[in-house]
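Okay, here's what each chain looks like letter by letter:
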Amino acid sequence: AQSVTQLDSQVPVFEEAPVELRCNYSSSVSVYLFWYVQYPNQGLQLLLKYLSGSTLVKGINGFEAEFNKSQTSFHLRKPSVHISDTAEYFCAVSLVQAGTALIFGKGTTLSVSS
Amino acid sequence: DGGITQSPKYLFRKEGQNVTLSCEQNLNHDAMYWYRQDPGQGLRLIYYSQIVNDFQKGDIAEGYSVSREKKESFPLTVTSAQKNPTAFYLCASRGGQGRNQPQHFGDGTRLSIL
């Protein structure tokens, strides 16, 4: 069965510091990969996605992620965070071979302080 | 603008009562999904529908029911059989062939018990 593990439930950082949110997945078949952001009491907004091609994917708000097939990871990075990046971040996978729902990790809360 | 509308934003349920959460989309998407979100649990799939008049159970379907009579609408009923309904409920839709397309989310409905 497929699964997604977000390795940190909470990540506190100071403003303008770099950040990495870690995501590992488990699947015996090819997958598509997504990162979403959720602000309080709102739905999820797509940050970026990896479908194929270049393993470095750039998204909105200055975020990027790198797909590493050998390590089955899809870590999210930002070189300099802002207070407004404080939110919950979800990693998700979709099986290439089956058109069903996304499988989500349990989320990482990013807290940016000044 | 196209999007997904969930209503109401807040909902209260009395013991033994059924309540229905509305989800409407004008994105012309075939697939629609319902998720439940609890703190620290991530998103768990309740039901999904790939096409009108067809739907499938997700991981936690017990105590819930859905219908898909129109492409635009996918209401979720939380029945009295659901003993712990307090949660944040998110509706999503997905276009194209589904597999490599991201899901689009509504802003959620927060359900509480009176």
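About the thresholds
- Residues numbered from 1 in each chain as written.
- Chains lettered and ligands numbered in written order.
- Predicted model: local features only at pLDDT ≥ 70, side-chain atom pairs only at ≥ 80, totals over all residues.
- Heavy atoms only, no water.
- Pairing = 2+ DSSP bridges.
- Helix = DSSP H or I, 4+ residues; strand = E, 2+ residues; numbered from the N terminus.
- Axes fitted to C-alpha atoms, helices over the stretch in contact; angles between N-to-C directions.
- Disulfide = S-S within 2.5 Å.
- Salt bridge = Lys/Arg side-chain N within 4 Å of Asp/Glu carboxyl O.
- Buried < 20%, exposed > 50% of the residue type's maximum accessible area, 1.4 Å probe, protein only.
- Polar contact = N/O pair within 3.5 Å; in protein donor to acceptor, adjacent residues only side chain to side chain.
- Contact = heavy atoms within 4.5 Å.

Engineer: Can you walk me through the sheet that holds strand β1 (residues 4-7) of chain B in this structure?
Structural biologist: Residue and element names in this part refer to chain B. Within the open sheet, the 4 strands sit side by side as β1-β3-β8-β7. Their pairing is antiparallel. Single-partner strands in this sheet number two, and they are β1 and β7 (64-66). For this sheet the average axis-to-axis angle between neighbouring strands, irrespective of direction, equals 20°. Pairing of β7 with strand β8 (residues 76-78) involves 3 bridges; the strand directions are antiparallel.

Engineer: Can you help me understand the state of the cysteines in this one?
Structural biologist: Inspection of the entire model under this criterion finds 2 disulfides over all chains. One disulfide bridge connects C23 of chain A with C91 of chain A, the sulfur atoms lying 2.0 Å from each other. Here the S-S torsion is close to -70°, and the disulfide linking C23 of chain A with C91 of chain A is therefore left-handed. Remark: C91 of chain A occurs in strand β10 (residues 87-95) and C23 of chain A occurs in strand β4 (residues 23-26); sequence separation between them is 68 residues. What pairs with C23 of chain B in a disulfide is C91 of chain B, and their sulfur atoms sit 1.9 Å apart. With the S-S dihedral at roughly -75°, the linkage between C23 of chain B and C91 of chain B falls on the left-handed side. Of the two residues, C23 of chain B is situated in strand β3 (residues 19-25) and C91 of chain B in strand β9 (residues 87-94); the sequence distance between them amounts to 68 residues.

Engineer: Would you mind showing me how to read the pattern of salt bridges here?
Structural biologist: A pair can form between side chains of opposite charge whenever their charged atoms are brought close. All names here are of chain A. For the structure on display, the rule yields 8 salt bridges over all chains. Taking the shortest distance from any N to any O, the salt bridge between E64 and K58 comes out at 2.9 Å. Take E64: its relative accessible area is 23%, and that puts it in the partly exposed class. Taking the relative accessible area as the measure of exposure, K58 reaches 62% and is therefore exposed. Between R77 and E66 there is a salt bridge, with its nearest N and O atoms 3.4 Å apart. In this pair, R77 sits in strand β9 (residues 73-78) while E66 sits in strand β8 (residues 64-68), placing the two residues 11 residues apart along the sequence. Judged by its relative accessible area of 26%, R77 falls in the partly exposed class. Look at E66 and you get partly exposed, because its relative accessible area is 34%. One salt-bridge network, in which partners are shared between bridges, spans E20, E66 and R77.

Engineer: I tried to follow the side chain of S94 of chain A on my own but got confused; where do I start?
Structural biologist: In this fold, S94 of chain A is placed in strand β10. With relative accessibility at 0%, the residue S94 of chain A sits in the buried group. In this structure the side chain of S94 of chain A is engaged in a polar contact, spanning 2.9 Å, whose partner is the side chain of R94 of chain B.

Engineer: Just to check I follow, could you spell out the side chain of H29 of chain B for this structure?
Structural biologist: Among the secondary structure elements, H29 of chain B is positioned in the loop between β3 and β4 (31-38). In this structure H29 of chain B touches R68, K71, S93, R94, G95 and H104 of chain B, once residues within four positions along its chain are discounted.

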